[in-house]
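The residues making up each chain are set out below.
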Amino acid sequence: LDAQPGQPVGVSKYCLSCHDGTIALGAVASEPTSIQMQGSQFITGKGHIGTDLSDDHPISFHYSSGLVAADPQIRDPAILPPEIHLPEGKVECTTCHDPHRNLYGDFLVRDPRFGNLCTACHDMQGWQVSSHRSSPNSMPATWSWPHATIEENACGSCHVTHGAGQPERLLRTPIEEDNCLVCHDGQSSTYNIKAELDKSAAHDPRLYQDLHDAAENVSGGQAHVECADCHNPHAVVGGALTPFPQYTAIGPTLAGSRGVSIGGTEVTNAQNEYEICLRCHGDNAVPVPNRITRLADSANLRLDFNTSSYSYHPVAGPGANPDVPSLINGIPPGAQIRCTDCHNNDSSRRMGGAGPDGPHGSVHDYLLAKNYTTTSPNNESANEYALCYSCHSRSSILNDESFDEHRMHIVDEDTACSACHDPHGVGQAAMSSSDHSHLINFDLSVVFPESQTNKIEFVDQGRFRGSCTLLCHGENHRDEDY
């Protein structure tokens, strides 16, 4: 909070004299004995606020232009609708409730449907075009809701003003992702995200509890992933990305999310998909199970993808190599790609399936959209390296159009693509004696030092030429030219 609520004051104390449940309803100062009420003598049900107000909308704080300057997602008090009352310039119970008028139920001062009451004060970034504002889909049967559709419930789909499950941000349930998955399990949403999270490789928010804070630094802190790390629920817009190989810098479901630029600065409103990924896979990279250890080893993808790197897959900028004869038709040299062109749900629409786009879950290791075998020896096939062959023509590779012994290495010697190539890039901070053009960065579980020189080295000798000094597939290579 930017405001600093204190103890309840003023008119709110009148309300709480009954609604905190500590004083009988008939205990009034004007009568010598308590007035007897039908049923309970104390307020019960949803009208019982209790004495712990931490799970209720804050009250008794000054709502001023200074507060608006600190939080641009609330409206200036000078332009609030006339029915929104600020006694002595403060938000109190009567800001939202009029105890003498019950036109809209719960004595609310405005119709709560479609977020009309909440948006009188709250002006959330992106809300006017958000899918959560306008979706006509029915609410799931899992819980009870005030209204029938997502657009009618609006803010109330995720938040409650009294008795919230999670006091911070007044979420319905104490477990953050449950607020999302109650709809995004296919009941109310178009796609079943929950089913993707159940796959063997996943960005599964259910694995983390009490680590996330929406106000946390963009990068750093304890490793975790929550839905809100990648998606801004107030600004998210439905719709599919353009099909590969067409390029879209960022998809509509990522609108309004925070990230980290390729230069390492925090970005409030990410303009590129990779900026969101770099929150966790950049300077403070989270551990990745079974990550390959390479000659020039780095887990920092911000440095690997930087366009000043030795070589890189063109994620943060266009490709720099004009000679890539293996690219399939429709992908010109220099074309830019997205992280989710490789890391995606295996059943996603972009991969030819009927499921949602995005790196939620996959049956393939490393949350990859298609199979990518990294173990050697391994028999080459269209399926074993399906991910590589999404962009690189298998026939071109096997016909040695870019390297005159490609076929010998991956077919005859059963060596995986990943034994030689680092699919992200090789940043200049990852130093070694080897050259690292063409994404060459050897897998140290497959490639070993040459027995006499004790070197693992690739030397780029110009266009389509190079030499290796190393031990691989049982053979010593010493300045072996290709």
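Attention in this report is confined to the structure presented alongside it. Because the structure is a prediction, the values reported are computed rather than measured.

Looking at a nonpolar patch on the surface
Move 1: Together, Val28, Ile35 and Met37 give the surface a local cluster of nonpolar side chains, amounting to about 210 Å² of exposed area.
Move 2: Relative to the helices and strands, Met37 is located in the loop between helix H1 (11–19) and strand E1 (61–62).
Move 3: Taking the relative accessible area as the measure of exposure, Met37 reaches 34% and is therefore partly exposed.

A look at the pairing of strand E10 (residues 466–472)
Move 1: Counting buried positions over the seven residues of E10 gives six, a clear majority of the element.
Move 2: Where strand E9 (residues 457–460) meets E10, four bridges bridge the pair, whose relative direction is antiparallel. The residue bridging Glu457 from the neighbouring strand is Thr469, located in E10.
Move 3: Connecting E10 to the next strand, strand E11 (residues 475–481), in antiparallel fashion are two residues, including His473 with a positive phi near 40°.

Structural notes on the pattern of salt bridges
Move 1: A complete count under the given rule lists 22 salt bridges for this structure.
Move 2: With a closest N to O distance of 2.7 Å, Arg110 and Glu83 form a salt bridge. Placement of the pair is Arg110 in the loop between helix H3 (93–96) and helix H4 (131–134) and Glu83 in the loop between helix H2 (65–70) and strand E2 (90–91), with a sequence separation of 27 residues.
Move 3: A relative accessible area of 23% places Arg110 in the partly exposed class.
Move 4: On the basis of relative accessible area, Glu83 is assigned to the partly exposed category, the value being 25%.
Move 5: In this structure, the salt-bridge partner of Arg291 is Asp297, at a minimum N-O distance of 3.0 Å.
Move 6: Taking the relative accessible area as the measure of exposure, Arg291 reaches 36% and is therefore partly exposed.
Move 7: Classification of Asp297 as partly exposed rests on a relative accessible area of 36%.
Move 8: Several salt bridges converge on common partners, so that one network encompasses Arg338, Asp341, Arg349, Arg350 and Asp357.

Observations regarding the environment of Ile410
Move 1: When you line up the elements, Ile410 lands in helix H12 (residues 406–412).
Move 2: Between the C-alpha atoms of Ile410 and Ala148, which are 262 residues apart in sequence, the distance is 58 Å.
Move 3: Other than its neighbours up to four places away in sequence, Ile410 contacts Asn378, Glu380, Tyr389, Ile397, Leu398 and Thr415.

Notes on the nonpolar core
Move 1: Counting 14 residues, the largest nonpolar core has Tyr63 and Ile84 as the members making the most contacts within it.
Move 2: Grouped together as the second largest cluster of nonpolar side chains are 11 residues, Ala419, Val446, Leu470 and Tyr482 included.

A few points about the side chain of Thr374
Move 1: When you line up the elements, Thr374 lands in the loop between strand E7 (361–362) and helix H11 (394–398).
Move 2: Note on Thr374: relative accessible area 17%, which makes it buried.

So, the sheet that holds E11
Whenever strands of a sheet pair, they do so through backbone hydrogen bonds, lying parallel or antiparallel.
Move 1: Strand order in this open sheet of three strands is E9-E10-E11, and the pairing throughout is antiparallel. One side of each edge strand has no neighbouring strand; the edge strands of this open sheet are E9 and E11. Averaged over all neighbouring strand pairs, the angle between strand axes comes to 10°, with direction disregarded.

Quick look at unusual backbone geometry
Move 1: Cis geometry is found at the peptide bond from Ser376 to Pro377, where omega equals 0°.
Move 2: By secondary structure assignment, the location of Pro377 is in the loop between E7 and H11.
Move 3: A positive phi angle, close to 60°, is found at Ser60, a residue other than glycine.
Move 4: Of note, Ser60 is situated in the loop between H1 and E1.
Move 5: Classification of Ser60 as buried rests on a relative accessible area of 6%.
Move 6: Of note, Asn290 is a non-glycine position whose phi angle comes to about 60°, a positive value.
Move 7: On the secondary structure map, Asn290 appears in the loop between helix H9 (273–281) and helix H10 (301–305).
Move 8: For Asn290, a relative accessible area of 66% puts it in the exposed group.

Looking at the environment of Pro81
Move 1: Considering the arrangement of structural elements, one finds Pro81 in the loop between H2 and E2.
Move 2: For the pair Pro81 and Ala120, spaced 39 residues apart in sequence, the C-alpha to C-alpha distance is 6.7 Å.
Move 3: Setting aside its immediate chain neighbours within four residues, Pro81 contacts Arg110 and Ala120.

What about the state of the cysteines?
Move 1: Applying the stated criterion across every chain, the model contains zero disulfides.
Move 2: In this structure Cys388 is a free cysteine whose sulfur lies 4.0 Å from that of Cys417, the closest cysteine sulfur available.
Move 3: Classification of Cys417 by relative accessible area gives buried; the value is 15%.

Let's talk about the packing of aromatic side chains
Move 1: Counted under the stated rule, the structure contains three aromatic pairs.
Move 2: Consider the rings of Trp143 and Trp145, whose centres lie 5.4 Å apart with planes at 35°: the pair is tilted.
Move 3: By relative accessible area, which is 27% here, Trp143 ends up partly exposed.
Move 4: For the ring pair Tyr385 and Tyr389, a centre distance of 6.5 Å and an interplane angle of 80° mean the geometry is edge-to-face. Comparing Tyr385 with Tyr389 shows no difference in burial state: the two are buried.

Observations regarding H9
Each turn of an α-helix holds 3.6 residues, which means side chains three or four residues apart point in the same direction.
Move 1: If you check which residues of H9 are buried, you get Glu273, Tyr274, Glu275, Ile276, Leu278 and Arg279.
Move 2: The inward-facing, buried residues of H9 contact helix H8 (227–230), strand E4 (259–260), strand E5 (266–267) and H10.

Calculation notes
Along each chain, the written sequence defines residue order, and numbers are assigned to residues from 1. Selection of residues for local features in this predicted model requires a pLDDT of at least 70, selection of side-chain atom pairs for listing and counting requires 80 or more, and totals for whole chains, interfaces and linings are taken over all residues. Here the side-chain values reflect all heavy atoms present in the structure, with hydrogen atoms and water set aside. Any residue with relative accessible area above 30% and no salt bridge may belong to a patch, with like charges joined within 9 Å and the nonpolar Val, Leu, Ile, Met, Phe, Trp and Tyr side chains within 5 Å. Using a 1.4 Å probe, accessible areas were evaluated by the Shrake-Rupley method; residue-level cover was limited to the displayed protein chains. By definition, a salt bridge exists where a carboxyl oxygen of Asp or Glu is found within 4 Å of a side-chain nitrogen of Lys or Arg. Secondary structure is summarised from DSSP: a helix means a run of H or I of at least four residues, a strand means a run of E of at least two, and numbering begins at the N terminus for each. Burial classes: relative accessible area under 20% of the type maximum marks a residue as buried, over 50% as exposed, and values in between as partly exposed (1.4 Å probe, protein chains only). Criterion used throughout: strands pair if DSSP finds at least two bridges between them. Should any heavy atoms of two residues lie within 4.5 Å, those residues are considered in contact. The term nonpolar core refers to a set of buried residues drawn from Ala, Val, Leu, Ile, Met, Phe, Trp, Tyr and Cys, joined through side-chain atoms within 4.5 Å. Note on geometry: axes are lines fitted to C-alpha atoms, helical ones only across the stretch in contact, with angles between N-to-C directions running from 0 to 180 degrees. We call a pair of cysteine sulfur atoms a disulfide whenever their separation is within 2.5 Å. Between rings of Phe, Tyr and Trp, where Trp is taken as its six-membered ring, a pair exists when centres lie within 6.5 Å; planes separated by under 30 degrees are stacked, by over 60 edge-to-face, and by other angles tilted.

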